[in-house]
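The chain contents come next:
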Amino acid sequence: MKIFHCPRCEAVLFFDNLVCTCGLAVSFSAPQQHFTSAHRFCANRETISCNWSCEPQAELCHSCQMTSVHPDLSVAGNAELWARAEAAKRHVLIGLMQWGWLTAGDTGPRPEFHMLAEATGSGSMDVTMGHAAGVVTINLAEADNAERVRRRETLGEPYRTVIGHFRHEIAHYLFDRLNGYTEFRDAFRAMFGDETRDYATALARHYENGSPPNWQETHVTAYASAHPHEDWAETSAHSMHLCDIVDSFLAAGLRKEGIPAIQTPPHHPRDPADMIETALKLGVALNHVNRAVGQPDIYPFVNSAVAREKLIFVLNWLRKGPVSVNTA
Ligand SMILES: [Zn+2]
Ligand SMILES: [Zn+2]
Ligand SMILES: [Zn+2]
């Protein structure tokens, strides 16, 4: 993520800021990728602290427009959970827009987000997170920090974040977009395996038996070994994480000796393999920094040679963006 500046006083603004220290109320223009005080605010600014601006004729910003279902706001706590989830979604969307996905120039179908809380006005409801036919369902319980940590520990996962959930589910949507492209389909199967094999059976087997003991030789996470679709989604989420690590590192003005060819911009590297290596090295370095104050590792994974090949594969496809895919 880039770091931005106030249009009036040039002070530093971070992506989630609503007001500058100079007192100016600002909004973020997603098409222009900067803060402004000249645009209309998104109608969700008061409800969920959305800090994006909207087009003159629109009520909602580009991100909020993609949310078609929101939680019952009469239930205490739901607005706060929804706000946190939308903040993570905006962060993830900006990364995708670096590649052209979901920008004004992307004429493909938009994903639709159902942001569901387990607490509703008529009692508690089960919410299964997932993607189906362009609809991404997010369980807002995951935006509750204590609850998310509890789930992470129950599942024995090293990492679980709301940003990670969005990247994973949006990756399923991007698969559907890319899969219309023969060259992608053939290359995908050669790298990830046959995604047409029965999904429900594979997932049931994963939850019953766990992952194969050697999953780390070929996959970024244990869950990725459940099925080629999940391998794609997990690997894509990791490619997005790694691009954002490098992007944020450079935006913060940091440099590291011994890391070859830190390229700008990381979403469009000259050499994707080099970019992934750079990101993984930064991950190790930043893990060390986080340990100074007892914070968890920012990237608690070790990737095998095969997993790295998959990360590079994904980056190569995502960075083509929608135009080259649609016109192929
Ligand atoms: Zn200012
Ligand atoms: Zn908004
Ligand atoms: Zn998935």
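Preceding block: the structure.
Predicted model only: the values in this text are computed from it and were never measured. (Residues numbered from 1 in each chain as written. Chains lettered and ligands numbered in written order. Predicted model: local features only at pLDDT ≥ 70, side-chain atom pairs only at ≥ 80, totals over all residues.)

A. Representation of the overall build of the protein within the structure. The secondary structure content of the protein amounts to ten helices and twelve strands. Over its C-alpha trace the protein gives a radius of gyration of 20 Å, about what one expects of a compact globule, namely 20 Å for 328 residues. When each of the 328 residues of the protein is scored for burial, the buried share is 36%. Within the protein, counting contacts between residues at least 6 apart in sequence, those at least 24 apart form 58% of the total. (Helix = DSSP H or I, 4+ residues; strand = E, 2+ residues; numbered from the N terminus. Rg over C-alpha atoms; globule rule 2.2 N^0.38 Å. Buried ≥ 20, exposed ≤ 12 C-beta atoms within 10 Å, placed from the backbone. Contact = placed C-beta atoms within 7 Å.)

B. Here's a closer look at the environment of Asp-72. Tracing the sequence through the fold places Asp-72 in the loop between strand S7 (67-69) and helix H2 (78-98). With 15 C-beta atoms counted inside 10 Å, the residue Asp-72 sits in the partly exposed group. With 78 residues separating them in the primary sequence, Asp-72 and Arg-150 have C-alpha atoms 24 Å apart. Aside from chain neighbours lying at most four places away, what touches Asp-72 is Asn-78, Ala-117, Thr-120 and Gly-121.

C. Expanded view of the pairing of strand S12 (residues 135-139). The pairing of strand S8 (residues 112-116) with S12 spans five bridges and is classified as parallel. Across the sheet, residue His-114 finds its bridge partner in S12, namely Thr-137. In the sheet, strand S11 (residues 130-132) pairs with S12 via three bridges, with the strands oriented antiparallel. Its bridge partner lying in S12, His-131 is registered against Val-136. Counted along the chain from S11 to the antiparallel partner S12, the turn is two residues long, and its residue Ala-133 has a positive phi close to 50 degrees. (Pairing = 2+ DSSP bridges.)

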